[in-house]
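One-letter residues, chain by chain:
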Amino acid sequence: MVVTIKDIAEKVGVSVTTISRVLNNRGYLSDGLKQRVNEAMEEMNYQPNELARSLLRKKSNVIGLIIPDISHPFFGEVTKHIESYAYEQGYKLMLCNSLLHKKKEKEYIDLLRASQVDGIIMGSHTMRVEDYTSINLPLVTLDRQISKSIPFISSDNYHGGELATKLLLKKNCKKIAYISGNLQLNLLAKQRHDAFLEQVRGKDVEFIVKQTDLNGFKYKEYEELVRRLFQENPDIDGVFASSDMLALQVLKNCRKIGKGVPDEVKVVGYDGISFGNVEDLTTIEQPIKKMGELAITYLLQQIAGEQVPLATILPVKLLEKGTT
């Protein structure tokens, strides 16, 4: 049997309106009354209708987060920090995995709007710009720049690319590969590739660029990409991978074919995920926690009607470890 606020009111001996005021914390209510109501709700296992309450308050204290793939360690770690900081601020999180499918992303946006979320953080970008600007909710994008009118937060991808490439050049690498996801997607991460090219061109080094031909995070394809790279270019002595996951795949392949790291091949990743610590991976560390906290801060400021910066580019750090 479903317990209603009418049942609670009868048990406590007050009106339904009084129970509603306790639930929504409106008007003066004695501590004794609130305690009696809360005890009755607990005893009768009353479950409030959160959607109905949010409609009444015109605020749900729920935030939507759409990311490409929670299994990717970067998105897993940033989600952890977003959820933790949102909870500290009195908000809950609805998490959606788009898997970079346009139809799925659109359906999740529709679901979040129907669920009366107070705002959305987007870490995925598969639709047209107009589809995002017409959402009519506070919106922040993470590691993506969808439109010049939508605030975004990212690390300094270009400077990170410079730091990684300069390190490999400083270590006297003579044939350097840059490997990444699909560059045609023209994400902010492409600036890592642009910085790489700027650094190696005109230098006394050979360079190769390899990218996945897929729109997603499929680790088997990463493995094949790296395998072919070394098969076709056995004399590679430096690799800048645009993510730590790709860099870890390089290390795995080097072990498989008997290439010593860092003696024969030097490897630099990008992200600073915790998995990289296990392999003592040299990487460009993104401020993942700061990115997550700022995404919540900017969203809450928009919810409060305040202006936020349209572009926030956070500094990165080179963490030189055992792979260089």
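Parameters and conventions
Starting from 1, residues in each chain are numbered consecutively following that chain's sequence as written. Selection of residues for local features in this predicted model requires a pLDDT of at least 70, selection of side-chain atom pairs for listing and counting requires 80 or more, and totals for whole chains, interfaces and linings are taken over all residues. Each side-chain value is worked out from all heavy atoms of the structure, with water and hydrogens disregarded. A pair is scored as a salt bridge if a Lys or Arg side-chain nitrogen falls within 4 Å of a carboxyl oxygen belonging to Asp or Glu. Secondary structure counts use DSSP, requiring at least four H or I residues in a row for a helix and at least two E residues in a row for a strand, with both numbered from the N terminus. Three labels apply to residues, based on accessible area from a 1.4 Å probe with only protein chains included: buried if under 20% of the type maximum, exposed if over 50%, partly exposed otherwise in between. A strand pair is defined by DSSP finding two or more bridges across the two strands. For every element, the axis is a line fit to its C-alpha atoms; helices are fit only across the contacting stretch, and the angle between N-to-C directions ranges from 0 to 180 degrees. Residue contacts are defined here by distance: any two heavy atoms, one from each residue, within 4.5 Å place the two residues in contact. Put simply, a nonpolar core is a bunch of buried Ala, Val, Leu, Ile, Met, Phe, Trp, Tyr and Cys residues held in one set by side-chain atoms that sit within 4.5 Å of each other. We call Phe, Tyr and Trp rings a pair once their centres come within 6.5 Å, taking the six-membered ring for Trp, and we label the pair stacked below 30 degrees between planes, edge-to-face above 60, and tilted otherwise. To sit over a ring, a charge needs its Lys NZ or Arg CZ within 6 Å of the ring centre and within 35 degrees of the ring normal.

Caption draft 1: Representation of the pattern of salt bridges. In this structure the tally under the stated criterion is 16 salt bridges. A salt bridge links D110 to K106, with the shortest nitrogen-to-oxygen separation between them at 3.0 Å. Residue D110 and its partner K106 are located together in helix α6 (residues 102-114), separated by four residues, close to a single helical turn. Judged by its relative accessible area of 35%, D110 is partly exposed. Put simply, R144 and D143 hold a salt bridge, and the shortest N to O gap is 3.5 Å. Judged on exposure class, the residue R144 and its partner D143 are both buried. Taken together, the shared-partner salt bridges in this structure form one network comprising K175, E206 and D235.

Caption draft 2: How the structure looks around the sheet that holds strand β3 (residues 119-122). If you trace the six strands from one edge of the open sheet to the other, you get β2-β1-β3-β4-β5-β11, paired in parallel fashion. Of all strands in the sheet, those with a lone pairing partner are β2 (92-97) and β11 (311-314), marking the two edges. Across the sheet, the mean angle separating the axes of adjacent strands is 20° when strand polarity is ignored. Where strand β1 (residues 62-67) meets β2, six bridges bridge the pair, whose relative direction is parallel. Residue pairing across strands places V62 opposite K92, the latter belonging to β2. Sheet strands in contact with helix α13 (residues 288-303) are β1, β3, β4 (139-142), β5 (152-155) and β11, and its direction is about 165° off that of β4.

Caption draft 3: Structural view of the nonpolar core. Core analysis: the largest hydrophobic core is formed by 46 residues, its most contacted members being I121, I153, I179 and F230. Listed by contribution, the elements that provide at least two residues to this core are β1, α5 (73-88), β4, β6 (175-180), α10 (219-232), β8 (238-241), α11 (244-257) and α13. Per element, the largest residue contribution to this core is eight residues, and it comes from α13. Among residues more than four places away in sequence, those in contact with I153 are V140, T141, L142, D143, M291, L294, A295, Y298, T312 and L314. A164, V200, I284 and V316 belong to the second-largest nonpolar core, a separate cluster that totals 16 residues.

Caption draft 4: Focus on the packing of aromatic side chains. This model, assessed by the stated rule, comprises four aromatic pairs. Taken together, a centroid distance of 5.2 Å and an interplanar angle of 70° make the contact between Y178 and F240 edge-to-face. Pair noted here: Y178 is in strand β6 and F240 is in strand β8, with a separation of 62 residues, a long-range link. Accessibility classification places Y178 together with F240 in one group, the buried group. It is R192 that lies over the ring of Y270; its NZ or CZ is 3.7 Å from the centre.

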